[in-house]
Amino acid sequence: MTELLLKYFRSRQQEAETERVYDTQCPYCSMQCKMQLIEQSIVSRKQYKTIGKDNPTSEGRLCIKGMNAHQHALHSDRVTYPLLKVNGEFVRISWEQALEKIRENFTSIQAEDGNDALAVYGSASITNEEAYLLGKFARVALQTKYIDYNGRLCMSAAASAASQTFGMDRGFTNSMSEISNVRCIILAGTNIAECQPTMMPYFERAKENGAYIIAIDPRETATTKMADLHLKVKPGADAALANGLLKVIIEEGLVDEAFVRERVKGFDEVAEHVAALDMDEIAELTGVPVEQIRKAGGIFGREETGMIFTARGVEQQTDGSAAVRNFLNILLATGKMGKPYCGYGAVTGQSNGQGAREHGQKADQLPGYRLIENEEHRAYIADVWGVRAEDLPRKGVSAYEMMEKVHSGEITGMLLMCSNPIVSNPNAHLVQEALQKLKFFVAVDLFISETARLADLILPASSYLEDEGTMTNVEGRVTLREASKPCPGETRHDWQILCDIAKVLGKGEYFSFSSAEEIFNELRIASRGGLADYSGITYDRLRKENGILWPCPDPEHPGTKRLFEESFAHPDGKAVMVAVSNNSVVPKEKPDGEFPLYLTTGRVMSHYLTGVQTRKSSSLAARNFESFMEIHPATAMKYNIQDQSLVKVESRRGSIVVRSQWSDKIRQDTVFVPFHWADSQNVNFLIPKDLDPTCRMPGFKASAVKISPVVEAISH
Ligand SMILES: Nc1nc2c(c(=O)[nH]1)N[C@H]1C(S)=C(S)[C@@H](COP(=O)(O)OP(=O)(O)OC[C@H]3O[C@@H](n4cnc5c(=O)[nH]c(N)nc54)[C@H](O)[C@@H]3O)O[C@H]1N2
Ligand SMILES: Nc1nc2c(c(=O)[nH]1)N[C@H]1C(S)=C(S)[C@@H](COP(=O)(O)OP(=O)(O)OC[C@H]3O[C@@H](n4cnc5c(=O)[nH]c(N)nc54)[C@H](O)[C@@H]3O)O[C@H]1N2
Ligand code: SF4
Ligand SMILES: [Mo]
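Residues numbered from 1 in each chain as written. Chains lettered and ligands numbered in written order. Predicted model: local features only at pLDDT ≥ 70, side-chain atom pairs only at ≥ 80, totals over all residues. Heavy atoms only, no water.

*Asks:* I would appreciate a short explanation of the overall build of the protein in the present structure.
*Replies:* Of the regular secondary structure elements, the protein holds 24 helices and 28 strands. In summary, the protein has a C-alpha radius of gyration of 25 Å against a globular reference of 27 Å for 716 residues, a match within 12%. In terms of its C-alpha atoms, the protein occupies a principal-axis envelope of roughly 85 × 75 × 70 Å. Out of the 716 residues belonging to the protein, those deemed buried represent 63%. Of the roughly 25,800 Å² that the protein leaves accessible, carbon and sulfur atoms contribute 48%. (Helix = DSSP H or I, 4+ residues; strand = E, 2+ residues; numbered from the N terminus. Rg over C-alpha atoms; globule rule 2.2 N^0.38 Å. Buried < 20%, exposed > 50% of the residue type's maximum accessible area, 1.4 Å probe, protein only. Areas by Shrake-Rupley, 256 points an atom, 1.4 Å probe, with all protein chains shown as cover.)

In structure tokens form, the structure reads like this:
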């Protein structure tokens with residue numbers, strides 16, 4: 001064999017053995033499971049596998065979404081260079097051309113229609129650094145008051161309830177490890193088994209340790225199956241159900257008098273309010289029998305320790321914030337706060353659902369949970385940013401309300417980063433119409449999503465494999481997502497894109513960052529002294545300590561595992577209870593003669609949000625390739641709907657067609673449709689525009705529909 005051939009075979013062999021390991025965190029839910037993508041090159045073919053990496057939250061576990069996440073990130077449909085719409089078709093342009101287009105259009109829109117004519121729509125699936133920078137970008141580079149983000153549709157009710165009740169909002173008041181030792185757990189409107197699967201072992205351990213679990217959900221799910229008692233509530237009736245539980249707790253003398261006296265305000269008003277309520281009426285409103293309410297309230301009140309978890313089932317309602325407050329009333333009345341194995345958990349949704357709600361991309365917010373209408377807060381942040389406080393815009397409006405302003409012509413340009421609003425917003429017809437009216441619409445995405453299709457310009461963003469930065473997980477633990485895979489094609493990090501745009505707009509001096517860590521170091525200063533204080537956290541510490549729970553106000557501070565041990569975050573140190581009405585102030589649709597069934601919406605294990613990412617993953621798409629409607633067989637027969645047949649679901653806003661799925665696990669008066677599919681299966685075409693007056697959360701979880709079989713035409 002010649003030397004040359006030997007060399008050839010040796011190099012082939014080496015190629016076959018090449019293995020690269022990329023550290024990262026799953027791009028999907030708030031568990032932020034740490035993982036490694038292993039890339040093996042075998043001859044000229046690459047193969048990939050994902051493995052979990054040990055860490056204090058997910059303990060090395062992954063679910064099927066995490067294991068298959070690379071399938072979308074490596075998909076050939078990734079947008080890898082800027083795309084400009086020319087005569088209805090997207091054509092490739094250079095970054096220089098793209099940035100010049102943005103400069104031209106943003107400048108002319110603001111000259112013609114005013115600074116506030118440009119809106120920014122952000123996301124909780126971007127890093128803390130990017131969420132922080134997006135808020136700064138809107139206020140400093142564009143000087144617009146219109147910025148909000150997809151977390152409005154997700155975390156706003158729980159966030160506002162916790163802020164009002166405790167004076168501060170960190171989703172979990174305790175670290176996750178405490179769950180395994182709690183005696184009684186209420187899981188209200190949360191499907192952890194499908195939505196945060198790697199959290200399940202904490203509850204399973206609690207059960208092994210003898211915990212009593214109460215689930216509140218109109219459907220039996222993989223989560224409710226774990227429960228000892230399942231209250232199959234009518235959609236939208238959680239506030240009333242919590243009143244029932246409170247009534248039992250007070251009537252049976254299960255109130256922690258000392259705790260209430262020393263640490264709580266407003267108990268007497270609540271006690272008086274629930275005393276006047278009628279238990280039979282609550283049973284009627286909620287669809288939960290009185291005995292079950294008594295049993296649940298009694299057990300929760302009597303057990304020595306207890307935690308309540310809420311998620312979108314309770315929160316995505318036009319009284320979502322009040323309903324959550326009523327569950328917090330239960331914790332306060334029973335003194336189950338600020339102690340070991342006692343506390344609240346708003347089960348955060350998106351990867352950075354926690355961190356992205358703290359640092360200023362919300363309409364009324366500045367970094368560190370500061371408020372844009374508070375003069376001291378404005379002055380502090382203006383100083384950090386090197387601008388004048390009077391030049392900072394005032395507060396804007398919520399995500400869906402921005403869409404209404406686009407529709408009415410008040411907003412004429414938009415930068416959208418990491419969201420797909422025509423599939424995720426309520427009243428989706430209006431949103432679709434609105435976005436088509438924009439004079440200039442830029443979407444920053446990994447793919448040409450249903451919304452990006454409507455854009456004038458698409459900018460290609462890097463993914464979780466490529467984009468380093470911090471993510472604050474469901475516990476409130478700040479984690480460092482390492483990401484070292486080179487950006488494919490011409491994709492850029494979201495933070496780089498913001499810096500690039502700021503530069504062409506003449507604001508480069510405020511955005512001269514060359515790494516995520518540099519942005520984080522500015523965020524640390526901006527958050528110093530705020531409620532969400534990250535100032536003691538550094539990248540170095542995050543690497544060494546495997547994440548830190550905020551607040552962490554100085555470099556020696558270990559982070560805060562359990563909140564409110566000594567006092568709550570209101571100035572007087574007390575938590576505030578408030579009487580909550582059985583009925584929403586903004587009336588919810590209820591089934592009637594014309595629209596006789598409740599529609600509720602949500603998720604399945606294998607898909608994520610609007611499905612743009614998971615529908616690209618062959619392994620995940622194979623599990624559920626189309627939308628469906630879960631319906632009780634008795635209801636199905638009443639409306640002549642066969643199992644696995646096409647059915648038209650119609651509300652006052654519009655109609656969609658999905659496949660029926662018979663299931664005796666759901667209430668007979670309710671159907672469930674997931675929202676992971678678009679176009680003719682976009683369930684948000686059916687959802688009303690009404691918002692919770694406190695936090696502006698839409699009512700995704702309770703509306704009224706009628707259903708009818710779709711008779712497929714038989715051609716002869
Ligand atoms: N597989 C998967 N996991 C995800 C996501 C995903 O899209 N797919 N998304 C992530 C995000 S962003 C979020 S916000 C979370 C969401 O996590 P969850 O809030 O747990 O998920 P949902 O399915 O929206 O709703 C939870 C449950 O509420 C129930 N429900 C419906 N109406 C009501 C009601 O009126 N009252 C009560 N008590 N319950 C009701 C539903 O039947 C459902 O089982 O999940 C995160 N994880
Ligand atoms: N009916 C109904 N509607 C709902 C809900 C419900 O329960 N029922 N839930 C609501 C909730 S809780 C949420 S959180 C919202 C979510 O709603 P959306 O924010 O609209 O959902 P996503 O599918 O996450 O959209 C993210 C987009 O960003 C892209 N992307 C992913 N990663 C990156 C990145 O790193 N950078 C950039 N630039 N782009 C990226 C994806 O390709 C995708 O197009 O939906 C809400 N809508
Ligand atoms: S989807 Fe959530 S639970 Fe599953 S691997 Fe990703 S972060 Fe973990
Ligand atoms: Mo969410």
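*Asks:* Can you help me understand the site of ligand 2 in this one?
*Replies:* As a structural note, the neighbourhood of ligand 2 is formed by 28 residues, with N150, N420, S424, D445 and T610 the closest of them. In the environment of ligand 2, an oxygen atom lies 2.5 Å from a nitrogen or oxygen atom belonging to the side chain of N150. At 3.0 Å from a nitrogen atom of ligand 2 is found a main-chain nitrogen or oxygen belonging to V444. Starting from 930 Å² of accessible surface for ligand 2 in isolation, the protein chains cover 98%. Within the shell around ligand 2, the residues separate by chemical class into 12 nonpolar, 12 polar and 4 charged. (Near = heavy atom within 4 Å. Polar contact = N/O pair within 3.5 Å; in protein donor to acceptor, adjacent residues only side chain to side chain. Nonpolar A, V, L, I, M, F, W, Y, C, P; charged D, E, K, R; others polar.)

*Asks:* Sorry, what's going on with the packing of helix α4 (residues 95–113) against helix α20 (residues 494–504) here?
*Replies:* Working note: a packed helix pair is described by the angle between its axes plus the distance between those axes. Packing of α4 against α20 brings their axes to within 9 Å, and their N-to-C directions diverge by 60°. The angle between α4 and α20 places the two elements in the oblique class. As α4 runs across α20, the sense of the crossing is right-handed. In this structure, α4 uses W95, L99, I102 and R103 to contact α20, whose residues at the interface are I497, D500, I501 and V504. Looking at the contact of α4 with α20, its residues break down into 6 nonpolar, no polar and 2 charged. (Axes fitted to C-alpha atoms, helices over the stretch in contact; angles between N-to-C directions. Parallel < 35°, antiparallel > 145°, perpendicular 65-115°, else oblique. Left-handed = near helix turned anticlockwise from the far one by under 90°. Contact = heavy atoms within 4.5 Å.)

*Asks:* Help me understand the state of the cysteines in this model?
*Replies:* As used here, a disulfide is simply a covalent bond connecting the sulfur atoms of two cysteines. For the structure shown, the criterion picks out 0 disulfides. C154 supplies the cysteine sulfur nearest to C418, a cysteine that is in no disulfide, at a spacing of 13 Å. You can call C418 partly exposed: its relative accessible area is 25%. (Disulfide = S-S within 2.5 Å.)

*Asks:* Can you walk me through the domain arrangement of the protein in this structure?
*Replies:* Often, the extent of an interface is quoted as the loss of accessible area on bringing the components together. Domain annotation for the protein reports domain 1 (2–73), domain 2 (83–154 + 382–516), domain 3 (157–348) and domain 4 (597–715). Computed from C-alpha coordinates alone, the two centres of domain 3 and domain 4 are separated by 27 Å. Counting from both sides, the interface comprises 27 residues of domain 3 and, opposite them, 24 residues of domain 4. When domain 3 packs against domain 4, the two sides together hide about 2,000 Å² of surface, and 58% of this comes from carbon and sulfur. In terms of surface lost to domain 4, no three residues of domain 3 exceed R219, P235 and Q316, which account for 32% of the buried area on that side. At the junction of domain 3 and domain 4, the tally comes to 1 salt bridge. In this structure, the salt-bridge partner of R219 is E630, at a minimum N-O distance of 2.9 Å. (Domains from an automatic or database assignment. Buried area = accessible area lost by both parts, 1.4 Å probe. Salt bridge = Lys/Arg side-chain N within 4 Å of Asp/Glu carboxyl O.)

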